[in-house]
Amino acid sequence: MTNSTSAVPAAAPTARKKRSSATHHGITVSDDYAWLRDPKYPVVDDPEVLAHLAAENAWFEHRMAPHKPLVDRLFKEMRARIKEADSSVPQKDGDWLYWVEYEEGAEYRKWWRRPVSGGDDELILDEPELAEGKEYFRLGALAVSKDGTKLAFSVDDNGSERFTARVKDLVTGEMLGDEIPGTLSSLVWCAGGRALIYSLANEQWRTDNARLHWLGQPVADDVELYHEDDEGFRVSSGLSSNEKWVIISAGDHETGENYIIPADDPLATPLLVKPRQKGVEYDVDERGGTLFIHTNDTHENFRIAAASLENPGEWTTLIAGSDEFYITGLELFRDFYVVEGRRGGLDVIELRYYDDPLRIEPIIFPEASYSAGLGDNREWHMEKLRLSYESMVSPATTYDYDVAARTLETLKVQEIPSGYDAELYITERIEVAARDGTMVPVSVLYRKDREAAGPLHLYGYGAYGISIPPGFSTTRFSLVDRGFAYAIAHIRGGDDLGRAWYKAGKLESRTNAFNDFVDVANGLIERSLTQAGKISISGGSAGGELMGAVINSDPHLFGAVVAHVPFVDVLATMLDATLPLTPGEWPEWGNPIEDRAAFELIRSYSPYDQVRAQDYPPMLVTAGLNDPRVTYWEPAKWVAKLRELKTDGNELLLKTNMGAGHGGKSGRFESLTETAEEFAFILWQMGMAE
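Owing to the predicted nature of the structure, the values given are computational and were not obtained by experimental measurement.

Draft legend 1. Quick look at the side chain of Arg-668. Here Arg-668 lies in helix H12 (residues 668–685). The side chain of Arg-668 sits in the buried core without any salt bridge; Glu-84 is the nearest counter-charge, 5.0 Å away. Within the structure, Arg-668 has its side chain in polar contact with the backbone oxygen of Glu-103 (distance 3.2 Å).

In structure tokens:
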């Protein structure tokens, strides 16, 4: 280390270089900062590693200190847009109505219920009490037994994504002795509320099992119902919509397999629906002896099929796959089923009927661009469906959809205490031509009185087939009200426009995602929405990889960059099968261990490997010491290499959360502080700090 962690650091910390190299496919790759990975990980106690991270944090604090008043103002603005004492709309489940509630000033929620027949409210879980005294707190799974007498829940109190499951007796209010550490899964009640099914995380944070725990019995006696031998697959469990079956699912990013077990007899031999076939994904539900399957076996945009329990692998098409309609999900109810998907990138919700295949009832929403989906619908027999809805200008809205009347009833609209006038803003969905001619959608929000070619913030992700919907965010108005436009680039690698859109941004086509983002930035400049150097950008995790790639290729476009827990050391991570990310990620990125072409391609774009001597824009990078998804050393190594090679004098800051993981700080206001810091950094670097 060239400087200590003194109160006023003299200069940015410089990581010591230690020669290290590895050879794959006859190609030797050097890595002078590999030592930043503590060899005892997930324990991180190497004094030199911790000293370097502490020095980076001290430098972050020192450089941001003059802008603390701006951070405070932004935080105050953002907090003022949140209704502090707030609650969800109660929803019926059996004999009870359930809801969650934030009290004034509380970081975490309280979970409540009351009898449908009338009676007192009951507090069933108190997150603020559970989080008391903890630097980090996250509630994982939560499930009430069908008879309403017991609550199973799990908690992570350090960001490592290893949850401890507990059971509460809702009749007496007491915690039972059952305690299951190391879970990373849902908690599924079965056997009439006498048992739970869960999955443990193995040493690589992968769930390769489904286990059965009988209440009151030692955890050591729990039965493994299923074990997955493919190291790239993860296992999860859930209930069928009618709660008659436990569904155990195994899969990776491209292949799936499902087993079903009677919920009242969890030790019965699991029924395999259909053996795995590489590249085929499917999920399953059941009604009246018929299995309903959502699968991409005949079309990449999925179809809906049916099968009998007697012949579960023989599938008959109910809704054919098509290029126009990307079917993203299926949910069964007693009298109808709901198909969700997207047409032209816009969310679609359709009711279908078991007795009349030609009867299709789409739910119509009022705006031309929006995000909508099924909400919390807990019962098998539903006459009104709970829906969620929002757009870039419309706050989050909770609807009930009357199935018989085909009408929407507004139950709740997100309240913004400091005030909000939708008439001040415009949202557009435009298309920008990528360099290969593909038209890339972009959602844009700005004030009507904004000056042309002003500052613009561009957000992107583009991986894993995860779409970025044009939803509502109260925080982004702290930029928009200062003259920014806010744009979301729906680049390839997500599934915004269907499965083909996803495939066109993964594996050998991965660089399309990066090119799309750069081409969107240039397209927005051509439309006079902004100028080169006036664009701030942000992305996290795989979106952080995107940030790293585009600043290597086109650094001049961007005036400020924020990369959250960025996946930037792609080659080294994909070469290390012991890491949590790796084996299950090969279908997404390629396997550079076995495939030289994959090795060379990943090396050609991996942000860490492609850092070079050039000017880079100002950057703020975040990391989580306990992050099992993007390990802390990836951003730490990246920043160290950038400090060594970059030829500019622009800001480069690294902030590592020493008590958090992939999602950053956990409380609703604690997390706002990090957003305020991000926006303050952007405004500072864009010359707009107040």
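Draft legend 2. Looking closely at the side chain of Thr-573. Tracing the sequence through the fold places Thr-573 in helix H8 (residues 570–574). According to the relative accessible area criterion, Thr-573 is buried, its value standing at 2%.

Draft legend 3. Quick look at the nonpolar core. Grouped together as the largest cluster of nonpolar side chains are 89 residues, with contacts concentrated most on Leu-458, Phe-517, Ile-537, Phe-558 and Trp-638. Top contributing element to this core by residue count: helix H6 (residues 511–526), with seven residues. Residues within four places of Ile-537 in sequence aside, it is in contact with His-457, Leu-458, Phe-517, Met-547, Val-550, Ile-551, Phe-558, Ala-560, Val-561 and Val-562. Formed by 24 residues, the second largest nonpolar core is a distinct cluster that contains Met-64, Leu-70, Leu-620 and Met-686.

Draft legend 4. Looking closely at helix H2 (residues 68–80). With 13 residues, H2 should reach 18 Å at 1.5 Å per residue; the first-to-last C-alpha distance of 18 Å fits that figure. Those residues of H2 that are buried lie in contact with helix H1 (47–64), helix H4 (477–480) and H12.

Draft legend 5. Up close: the pattern of salt bridges. Summed over the entire model, instances satisfying the criterion amount to 52 salt bridges. Here Glu-644 makes a salt bridge to Lys-17, at a shortest N to O gap of 2.7 Å. Of this pair, Glu-644 sits in helix H11 (residues 633–645) while Lys-17 sits in the segment before strand E1 (21–24), and the two are 627 residues apart along the sequence. We classify Glu-644 as partly exposed; its relative accessible area is 35%. Using a relative accessible area of 44% as the deciding quantity, one classes Lys-17 as partly exposed. One salt bridge connects Arg-492 with Asp-436, and the closest N-O pair in it is separated by 2.9 Å. Placement of Arg-492 in the loop between strand E35 (485–489) and helix H5 (499–503) and of Asp-436 in the loop between strand E32 (425–433) and strand E33 (439–447) is noted, with a sequence separation of 56 residues between them. Taken together, the shared-partner salt bridges connect Lys-17, Arg-19, Asp-32 and Glu-644 into one network.

Draft legend 6. Inspection of the packing of H2 against H12 at higher detail. Two elements in contact, H2 and H12, have axes whose closest approach is 8 Å; the angle formed by their N-to-C orientations is 130 degrees. Relative to H12, the element H2 lies oblique. When the axes of H2 and H12 are compared, the crossing they make is right-handed. On H12, the residues that touch Leu-70, Val-71, Leu-74, Phe-75, Met-78 and Arg-79 of H2 are Phe-669, Leu-672, Thr-673, Thr-675, Ala-676, Glu-677, Phe-679, Ala-680 and Leu-683.

Draft legend 7. The arrangement of the sheet that holds E32 in detail. Pairing in this open sheet of eight strands is mixed, and the strands run E32-E33-E35-E34-E36-E37-E38-E39 from one edge to the other. Lying at the two open borders of the sheet, with one neighbouring strand each, are E32 and strand E39 (652–657). Between one strand axis and the next, the sheet turns by 15 degrees as a mean value, whatever way the strands run. One ladder, built from four bridges, connects strand E34 (residues 456–459) with strand E36 (residues 535–540); its direction is parallel. Among the inter-strand pairings, Leu-456 is bridged to a residue of E36, identified as Ile-535. Sitting on the sheet, helix H7 (residues 542–553) touches E36, strand E37 (558–564) and strand E38 (619–624), and the angle it makes with E36 is about 140 degrees.

Draft legend 8. Representation of the packing of aromatic side chains within the structure. For the coordinates displayed, the defined rule picks out 29 aromatic pairs. Look at Tyr-226 and Tyr-259: their rings are 5.1 Å apart centre to centre, the planes differ by 45 degrees, and that puts the pair in the tilted class. Within this pair, whereas Tyr-226 is found in strand E15 (residues 223–227), its partner Tyr-259 is found in strand E18 (residues 256–262), the two being separated by 33 residues in sequence. When its relative accessible area of 16% is taken as the criterion, Tyr-259 is described as buried. An aromatic cluster is defined as three or more aromatic residues linked by ring pairs; in this entry it consists of Tyr-41, Trp-205, Tyr-632 and Trp-633. Residue placement shows Arg-79 over the ring face of Phe-669; its charged tip is 3.8 Å from the ring centre. Positioned over the ring face of Tyr-486 is Arg-476, at 4.5 Å from the centre of the ring.

Draft legend 9. Up close: the sheet that holds strand E19 (residues 271–272). Strand order in this open sheet of four strands is E16-E17-E18-E19, and the pairing throughout is antiparallel. Edge strands, defined here as strands with exactly one partner in the open sheet, are strand E16 (234–239) and E19.

Draft legend 10. Fine view of unusual backbone geometry. Backbone torsion omega between Tyr-41 and Pro-42 reads 15 degrees, so that peptide bond is classified as cis. Here Pro-42 is to be found in the loop between strand E2 (27–30) and H1. Residue Glu-161 is not a glycine yet carries a positive backbone phi of 65 degrees. At Val-565, a residue that is not glycine, the phi angle is positive and equals roughly 30 degrees. Following the sequence through the fold, Val-565 ends up in the loop between E37 and H8. By relative accessible area, which is 7% here, Val-565 ends up buried.

Draft legend 11. Structural view of the environment of Ile-535. Tracing the backbone shows Ile-535 in strand E36. Its relative accessible area of 0% is what places Ile-535 among the buried residues. For Ile-535 and Val-568, which are 33 residues apart along the polypeptide, the C-alpha to C-alpha distance reads 21 Å. Sequence-distant contacts of Ile-535, defined by excluding residues within four places in its chain, comprise Leu-456, Leu-458, Ala-521, Ile-525, Thr-530, Leu-557, Phe-558, Gly-559, Ala-560 and Met-686.

Draft legend 12. Layout of the pairing of strand E25 (residues 337–343). In terms of burial, E25 is a largely internal element, five of the seven residues being buried. Inspection of the sheet shows strand E24 (residues 325–332) paired to E25 by seven bridges, in the antiparallel sense. Paired with Leu-332 across the bridge in E25 is Tyr-337. Hairpin connection of E24 to E25: four residues between the antiparallel strands. Between E25 and strand E26 (residues 346–353), which follow one another and run antiparallel, lie two residues, and Gly-344 among them has a positive phi close to 60 degrees.

What counts as what
- Residues numbered from 1 in each chain as written.
- Predicted model: local features only at pLDDT ≥ 70, side-chain atom pairs only at ≥ 80, totals over all residues.
- Heavy atoms only, no water.
- Helix = DSSP H or I, 4+ residues; strand = E, 2+ residues; numbered from the N terminus.
- Buried < 20%, exposed > 50% of the residue type's maximum accessible area, 1.4 Å probe, protein only.
- Lys, Arg positive; Asp, Glu negative; His and termini not counted.
- Salt bridge = Lys/Arg side-chain N within 4 Å of Asp/Glu carboxyl O.
- Polar contact = N/O pair within 3.5 Å; in protein donor to acceptor, adjacent residues only side chain to side chain.
- Core = buried A, V, L, I, M, F, W, Y, C linked by side-chain atoms within 4.5 Å.
- Contact = heavy atoms within 4.5 Å.
- Expected span 1.5 Å × (residues − 1).
- Axes fitted to C-alpha atoms, helices over the stretch in contact; angles between N-to-C directions.
- Parallel < 35°, antiparallel > 145°, perpendicular 65-115°, else oblique.
- Left-handed = near helix turned anticlockwise from the far one by under 90°.
- Pairing = 2+ DSSP bridges.
- Phe/Tyr/Trp six-rings, centres within 6.5 Å; stacked < 30°, edge-to-face > 60°.
- Lys NZ or Arg CZ within 6 Å of the ring centre and 35° of its normal.

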